[in-house]
Amino acid sequence: MKSILKAILTTGLMLYCSISIFAADISIKITKKYLNLPISQRQDRGIMTFEIAGKQERSFKIRLATGEPEYWVFSDVSAYKGKTIKISYDGDATGLSKIYQDDKIAGQDSLYHEKNRPQFHFTTRRGWVNDPNGLIYYEGEYHLFYQHNPYEREWENMSWGHAVSKDLVHWEELAVALHPDKLGTMFSGSAVIDYDNTAGFNKGKIPAMVAFYTADNADREIQCVAYSLDKGRTWTKYEKNPVIDSKEKWNSRDTRDPKVFWYKPGKHWVMALNERDGHSIYTSKNLKEWNFESHVTGFWECPDLFELPVDGDKNKTKWVMYGASGTYMIGSFDGKAFTPETGKLLYTTGSIYAAQTYSNIPESDGRRIQIGWGRVAQPGMAFNNMMLLPTELKLHSTKNGIRLYNLPVSETEQLFERTNQWAGLKSDDANQKLKEFNSADKIRIKTTFKLSHATSAGFNLFGQRIIDYDMNNNTINGVFYSPADMTSMELTADIYVDRTSIEVFIDGGAYSYSMERKPVDDNKEGFHFWGNNIDVKNLEVYSAKSIWK
Ligand code: FRU
């Protein structure tokens, strides 16, 4: 009972349709930038395929709305201008006829002004994000690639989304950089600039930006290479991919998330790769052939490995290795093996996951800059999750040994203006002063408070515990934390509140954490210090600007 409808529409948009309830196709001659696609979370996922002249260009899972869409997503088809795309769908295809092309994405006019759009954190226009990938600075631009499902607000169709920024604060989202292919979906990875043309991808004087990613397929996870000669805008996948296939060696399909960097003393490339139960080190002279060197157990997903000066002294450095969870080890590295000199340590917790640091930061800058994925739901939005504030990582000597510190990069200062400052308040006074800020959708608050009669104290927002400090158990929000000077009885917190998230940096970055900001319920309390007889020694309020126009 296949009903076939053929139609040709004018206005430069030609549409040939053959639609049935199950499995069907339409053809659209591309004259505009985007195809807008209607979504309903209530529909099952079906497979949609874009085909040009019989060749498959894209294939992805999507919940095509049959009735009124809950939201719209889009596919940037500017690369196909002038060509006719055949769009087929193997699910309930009633919604195919609603797909339309335009130079605007559906909902463009309210973009970045949506109710629950974070105002000073990166979020994608439409769809899902998780791990930051391929963080690299090149010719004035910070690139942020990221795990992305362009077609739904949930995880699927892993692709590398792409955004660029001149200051790590204001972002411009570009077209998807890496789409799934026949080797699999595009899992996490990293990027380098191959200045010496070790891989042979360079064109004349243009050095290749080379990306390393995991292709994930039903059978295995394999490591692949792609390169770009136009600052990350378009990518060519290496024809001999994969470059590492280690499933059999590890008897595990968990081999993923390559992080590559240039090891200057040895004049070779290093890849940290998560394999089964920890991070492996591979080396290469040409980015294509990789030799296994060593393995450190006890890490899961998203490795990073980098050298940092201790207390800013470039002659005294240590290496830091971490995984996705926010735990790390400090040690030494000889280009082939990381030797831990500490046990597992913790510098950050909460919604952060899979953080990565930037490569190719100029030596004159020298910072180790990190971005972490914020596992923060964006209720009711056509996009989901976010990136946390970019931070700078440093090693400091403490009474307990060398520790990793983490604070927002100085570029974020431009977003916050101090509007009020008070010193020496009792908590009731402080709560009074904060009343006028209770309705702020975004704000930054810095405070130092001191305990006297109590062993616990904290700071709430509408009943949500932003800080719950227990000096007896040495915990902050349930996680062990001991200030450098336990006798001071003080805690300092720098708190960034955006529409849907809260980030807290304790004692100058000795520890940090993040959480979802809970919607306001009937609790009228607003910002609120609690704890018996505490002193609010310092309280600063900052207004926050939006990063979006
Ligand atoms: C971490 C992770 C990575 C993987 C990616 C897939 O969040 O599981 O290990 O590459 O996400 O999206």
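Residues numbered from 1 in each chain as written. Predicted model: local features only at pLDDT ≥ 70, side-chain atom pairs only at ≥ 80, totals over all residues. Heavy atoms only, no water.

1. Here's the deal with the pattern of salt bridges
Where charged atoms of side chains with opposite charge meet at close range, the side chains can pair.
Piece 1. Tallied over the full model, the rule gives 39 salt bridges.
Piece 2. For Glu173, the salt bridge is made with Arg125, and the minimal N-O distance between the two is 3.3 Å. Of this pair, Glu173 sits in strand β12 (residues 172-178) while Arg125 sits in the loop between β8 (100-102) and β9 (127-138), and the two are 48 residues apart along the sequence. The two residues Glu173 and Arg125 agree in class, both being buried.
Piece 3. Among the ionic pairs, Asp219 bridges to Lys247, the shortest N-O distance being 3.2 Å. (Salt bridge = Lys/Arg side-chain N within 4 Å of Asp/Glu carboxyl O. Helix = DSSP H or I, 4+ residues; strand = E, 2+ residues; numbered from the N terminus. Buried < 20%, exposed > 50% of the residue type's maximum accessible area, 1.4 Å probe, protein only.)

2. Details of the site of the ligand
Piece 1. Taken together, 13 residues lie around the ligand, and Asp131, Gln147, Arg256, Asp257 and Glu301 are the ones closest in.
Piece 2. Within the contact set of the ligand, an oxygen atom lies 3.1 Å away from a side-chain nitrogen or oxygen of Asn130.
Piece 3. Asp257 places a side-chain nitrogen or oxygen 2.6 Å from an oxygen atom of the ligand.
Piece 4. With the chains in place, 91% of the 320 Å² that the ligand exposes on its own is no longer accessible.
Piece 5. The set of elements that each furnish at least two residues to the shell around the ligand consists of β9, β13 (185-194) and β17 (255-263).
Piece 6. Considering only residue class, the shell around the ligand consists of six nonpolar, three polar and four charged. (Near = heavy atom within 4 Å. Polar contact = N/O pair within 3.5 Å; in protein donor to acceptor, adjacent residues only side chain to side chain. Areas by Shrake-Rupley, 256 points an atom, 1.4 Å probe, with all protein chains shown as cover. Nonpolar A, V, L, I, M, F, W, Y, C, P; charged D, E, K, R; others polar.)

3. Here we look at the sheet that holds strand β3 (residues 34-39)
Piece 1. The three strands lie next to each other as β6-β3-β8, forming an open sheet whose pairing is antiparallel. The outermost strands of the open sheet, each flanked by one partner alone, are β6 (71-76) and β8. This sheet shows a mean twist of 35 degrees between the axes of neighbouring strands, independent of strand direction.
Piece 2. By the bridge criterion, three bridges tie β3 to β8 in an arrangement that is antiparallel. Among the inter-strand pairings, Leu35 is bridged to a residue of β8, identified as Gln101. (Pairing = 2+ DSSP bridges. Axes fitted to C-alpha atoms, helices over the stretch in contact; angles between N-to-C directions.)

4. What to know about the side chain of Glu221
Piece 1. Locating Glu221 in the fold gives a position in strand β15 (residues 221-228).
Piece 2. According to the relative accessible area criterion, Glu221 is buried, its value standing at 2%.
Piece 3. When near neighbours in sequence (up to four residues on either side) are disregarded, Glu221 contacts Phe187, Thr214, Ala215, Asp216, Arg253, Asp254, Thr255 and Arg256. (Contact = heavy atoms within 4.5 Å.)

5. Quick look at the environment of Asp485
Piece 1. Along the chain, Asp485 turns up in the loop between β38 (479-480) and β39 (490-497).
Piece 2. A relative accessible area of 36% places Asp485 in the partly exposed class.
Piece 3. Sequence-wise, Asp485 and Thr398 are 87 residues apart; in three dimensions their C-alpha atoms are separated by 10.0 Å.
Piece 4. Separated by 2.5 Å, the side chains of Asp485 and Thr487 make a polar contact.

6. A short note on the sheet that holds strand β43 (residues 535-544)
Piece 1. On the basis of which strands lie adjacent, the open sheet formed by seven strands has the order β26-β41-β40-β39-β34-β43-β33 and mixed pairing. The open sheet has two edge strands, β26 (348-350) and β33 (416-426), and neither has a second partner. Strand-to-strand twist across the sheet, computed as the mean angle between neighbouring axes with direction ignored, equals 15 degrees.
Piece 2. For strand β34 (residues 443-450) and β39, the ladder comprises eight bridges, and the chain directions are antiparallel. Opposite Thr447, over in β39, you have Ala493 as the bridge partner.

7. Structural notes on the domain arrangement of the protein chain
Piece 1. What the domain assignment lists for the protein chain is domain 1 (2-109), domain 2 (126-408) and domain 3 (412-544).
Piece 2. Here the C-alpha centre of domain 2 lies 34 Å away from the C-alpha centre of domain 1.
Piece 3. Facing 18 residues of domain 1, the contacting portion of domain 2 comprises twelve residues.
Piece 4. Carbon and sulfur atoms make up 50% of the area that domain 1 and domain 2 hide from each other, which totals about 1,300 Å².
Piece 5. Taken as a group, Arg45, Lys61 and Tyr71 account for 34% of the area that domain 1 buries against domain 2, more than any other trio of residues on that side.
Piece 6. At the boundary of domain 1 with domain 2, the tally comes to four salt bridges.
Piece 7. In this structure, Glu152 engages Arg63 in a salt bridge whose closest nitrogen and oxygen atoms are separated by 2.9 Å.
Piece 8. Connecting domain 1 to domain 2 are eight residue pairs in polar contact (both at pLDDT 80 or more).
Piece 9. Of all the secondary-structure elements, those providing two or more residues to the side of domain 1 that touches domain 2 are β3, β5 (55-62) and β6.
Piece 10. Broken down by element, the side of domain 1 that touches domain 2 gets its largest block of residues, six residues, from β6.
Piece 11. In the side of domain 1 that touches domain 2, the residues fall into ten nonpolar, three polar and five charged. (Domains from an automatic or database assignment. Buried area = accessible area lost by both parts, 1.4 Å probe.)

8. Side note on the side chain of Lys442
Piece 1. By secondary structure assignment, the location of Lys442 is in the loop between α2 (427-434) and β34.
Piece 2. Residue classification places Lys442 among the buried positions, given a relative accessible area of 18%.
Piece 3. When residues no more than four places from it in sequence are discounted, the contact partners of Lys442 are Gln119, Phe120, Val497, Asp498, Arg517, Ala544, Lys545 and Ser546.

9. Describing α2
Piece 1. Turning to α2, its buried residues number three or more, namely Ser427, Ala430, Asn431 and Leu434. The buried residues of α2 all sit within an arc of 100 degrees when viewed along its axis, so they share a single face. (Arc of directions from axis to C-beta.)

10. Points about unusual backbone geometry
Piece 1. The step from Asn241 to Pro242 runs through a cis peptide bond, and the omega angle for that step is 0 degrees.
Piece 2. The topology assignment puts Pro242 in the loop between β16 (236-237) and α1 (247-250).
Piece 3. A positive phi is found at Tyr112, a non-glycine position, where the angle reads about 70 degrees.
Piece 4. Examined against the element boundaries, Tyr112 turns out to sit in the loop between β8 and β9.
Piece 5. The buried category is assigned to Tyr112, whose relative accessible area is 13%.
Piece 6. Positive phi, normally seen in glycine, also occurs at Glu139, with a value near 45 degrees.
Piece 7. Tracing the backbone through its elements, the reader meets Glu139 in the loop between β9 and β10 (141-149).

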